[in-house]
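Now for the letters of each chain:
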Amino acid sequence: MDHWANFPWWLIFPIWAMAGGGFAARRRGRRRTQELSHGGGAPSRPPATDVRADRRAQQERRVASARQLIADHDAVNGRWLAYELDVARLIDFPMMTDVREPLTVDFIRAKRAADGLRPGSPEALLADDGVAEYREAVRRYEVAFDLAEREAVRLRDAHYSEGEQRRLAQARQLLRVAVDPGASANERQVAYTRVRRELEGIIVLPVEAVAALERRVVLGLPSGSSGRRPTDGAA
């Protein structure tokens, strides 16, 4: 037992560590060999067909996004067209064409900006690389129109003078006669002339609204032909 007492036990630990390191290195070498044998040495490139498919899918997503953006633009234009073609609607909500109102001016400017950037097609929009600018213009137009319409619906003619309110009320009554199919052509024409006179200086009627109204007056079309009118809670 005395010869074990003099044995250098402290050598066991470094020898053990060296042996373990050698085993680990051999294991790593075997694993690397297996990876190389299975093609894992270098990252493989995707086939050319996959690259082309990815590019097509990305392009299709961009075109779909551009189409949706144009559709959003059309939706706001459609909301404005409901006023632009309906004098009765403008009489009920005169702020929508009142350029003395900042919110009205804001939405008109935003509309012009969006219309000016509108592409001929979604593909043209992508080719010009103007998606971001056009998207921002459409969003500003949406927000500006919504704010103007909400305010117009909320106030109606409340911020006009009593004299202007009376003229608007008179124009509203005369308009019913002007588009009444049961009235004679002469009665409709006289009422239409008076409507224009009552609205002068209060509401700027769009050319399209005047044309649509004159057609109804001449042909005696029913009032429903101009489309629906908003409710008090319209936004």
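Here the structure is a predicted model, which means the values were calculated and not measured.

Calculation notes
Residues numbered from 1 in each chain as written. Predicted model: local features only at pLDDT ≥ 70, side-chain atom pairs only at ≥ 80, totals over all residues. Heavy atoms only, no water. Helix = DSSP H or I, 4+ residues; strand = E, 2+ residues; numbered from the N terminus. Buried < 20%, exposed > 50% of the residue type's maximum accessible area, 1.4 Å probe, protein only. Polar contact = N/O pair within 3.5 Å; in protein donor to acceptor, adjacent residues only side chain to side chain. Contact = heavy atoms within 4.5 Å. Expected span 1.5 Å × (residues − 1). Arc of directions from axis to C-beta. Phe/Tyr/Trp six-rings, centres within 6.5 Å; stacked < 30°, edge-to-face > 60°. Lys NZ or Arg CZ within 6 Å of the ring centre and 35° of its normal. Axes fitted to C-alpha atoms, helices over the stretch in contact; angles between N-to-C directions. Parallel < 35°, antiparallel > 145°, perpendicular 65-115°, else oblique. Left-handed = near helix turned anticlockwise from the far one by under 90°. Nonpolar A, V, L, I, M, F, W, Y, C, P; charged D, E, K, R; others polar. Salt bridge = Lys/Arg side-chain N within 4 Å of Asp/Glu carboxyl O.

Enquirer: Please explain the environment of Leu 147 as it appears in this structure.
Expert: Here Leu 147 lies in helix 7 (residues 131-155). Considering only alpha carbons, one finds Leu 147 and Leu 103, 44 residues apart in sequence, at a separation of 6.9 Å.

Enquirer: I'm lost on the side chain of Glu 149 in this one. Help?
Expert: Note on placement: Glu 149 falls in helix 7. Overall, Glu 149 belongs to the buried group, its relative accessible area being 3%. There is a polar contact of 2.7 Å between the side chain of Glu 149 and the side chain of Arg 79.

Enquirer: I tried to follow the environment of Val 63 on my own but got confused; where do I start?
Expert: With respect to the element layout, Val 63 can be found in helix 3 (residues 48-84). C-alpha separation for the pair Val 63 and Pro 122, spaced 59 residues apart in sequence, amounts to 5.8 Å. Setting aside residues no more than four positions away along its own chain, Val 63 makes contact with Pro 122, Glu 123 and Leu 126.

Enquirer: Help me out: how do you make sense of helix 8 (residues 162-178) in this one?
Expert: An α-helical turn contains 3.6 residues, so a residue and the one three or four places further along point in the same direction. End to end, helix 8 covers 24 Å across 17 residues, agreeing with the expected 24 Å (1.5 Å per residue, within 8%). Buried residues of helix 8: Glu 164, Leu 168, Ala 171, Leu 174, Leu 175 and Ala 178, and no others. Viewed along the axis of helix 8, the buried residues span an arc of 130°, placing them on a single side of the element. Among the exposed residues of helix 8, those oriented more than 90 degrees off its buried face are Glu 162, Arg 166 and Arg 176. Buried residues along helix 8 sit against helix 4 (87-92), helix 9 (185-199) and helix 10 (207-219).

Enquirer: Honestly, the packing of aromatic side chains in this entry has me stumped. Any pointers?
Expert: Where two aromatic rings form a pair, the distance of their centres and the angle of their planes describe that pair. In the structure shown here, the tally under the stated rule is four aromatic pairs. Centre to centre, the rings of Trp 80 and Tyr 83 are 6.4 Å apart; their planes meet at 25°, and the pair counts as stacked. Of this pair, Trp 80 and Tyr 83 both sit in helix 3, three residues apart, which is roughly one turn of the helix. Take Trp 80: its relative accessible area is 9%, and that puts it in the buried class. Connected via pairs of aromatic rings, a cluster forms that spans Trp 80, Tyr 83, Phe 107 and Phe 145. Directly above the ring of Tyr 83 sits Arg 89, whose terminal nitrogen or CZ lies 4.5 Å from the centroid.

Enquirer: Where do I start with the packing of helix 5 (residues 102-117) against helix 7 in this structure?
Expert: The relative placement of two packed helices comes down to the angle between their axes together with the axis-to-axis distance. One way to put it is that helix 5 packs onto helix 7 with a least axis distance of 8 Å and a crossing angle of 155°. With respect to helix 7, the element helix 5 is oriented roughly antiparallel. Where helix 5 crosses over helix 7, the two elements pack in a sense that is left-handed. On helix 7, the residues that touch Leu 103, Thr 104, Asp 106, Phe 107, Ala 110, Lys 111, Ala 113, Ala 114 and Leu 117 of helix 5 are Glu 133, Tyr 134, Ala 137, Val 138, Arg 140, Tyr 141, Ala 144, Phe 145, Leu 147, Ala 148 and Glu 151. Taken together, the residues of the contact of helix 5 with helix 7 sort by class into 14 nonpolar, one polar and five charged.

Enquirer: Hey, could you run me through unusual backbone geometry in this one?
Expert: Outside of glycine, negative phi angles account for most residues, and trans bonds account for most peptide bonds. The phi dihedral of Arg 156 falls on the positive side, at around 50°, and the residue is not glycine. When you line up the elements, Arg 156 lands in the loop between helix 7 and helix 8.

Enquirer: Just to check I follow, could you spell out the pattern of salt bridges for this structure?
Expert: Two side chains that carry opposite charge are able to pair once their charged atoms sit near each other. Applying the stated criterion across every chain, the model contains 13 salt bridges. Across the salt bridge formed by Arg 79 and Glu 149, the nearest N and O atoms sit 2.7 Å from each other. Within this pair, whereas Arg 79 is found in helix 3, its partner Glu 149 is found in helix 7, the two being separated by 70 residues in sequence. Two residues, Glu 142 and Arg 139, come together in a salt bridge whose shortest N-O distance is 3.1 Å. Here the residue Glu 142 and the residue Arg 139 both occupy positions in helix 7, the gap between them amounting to three residues, near one helical turn. Among the ionic contacts, a cluster of salt bridges with common partners joins Arg 79, Asp 146, Glu 149 and Arg 150.

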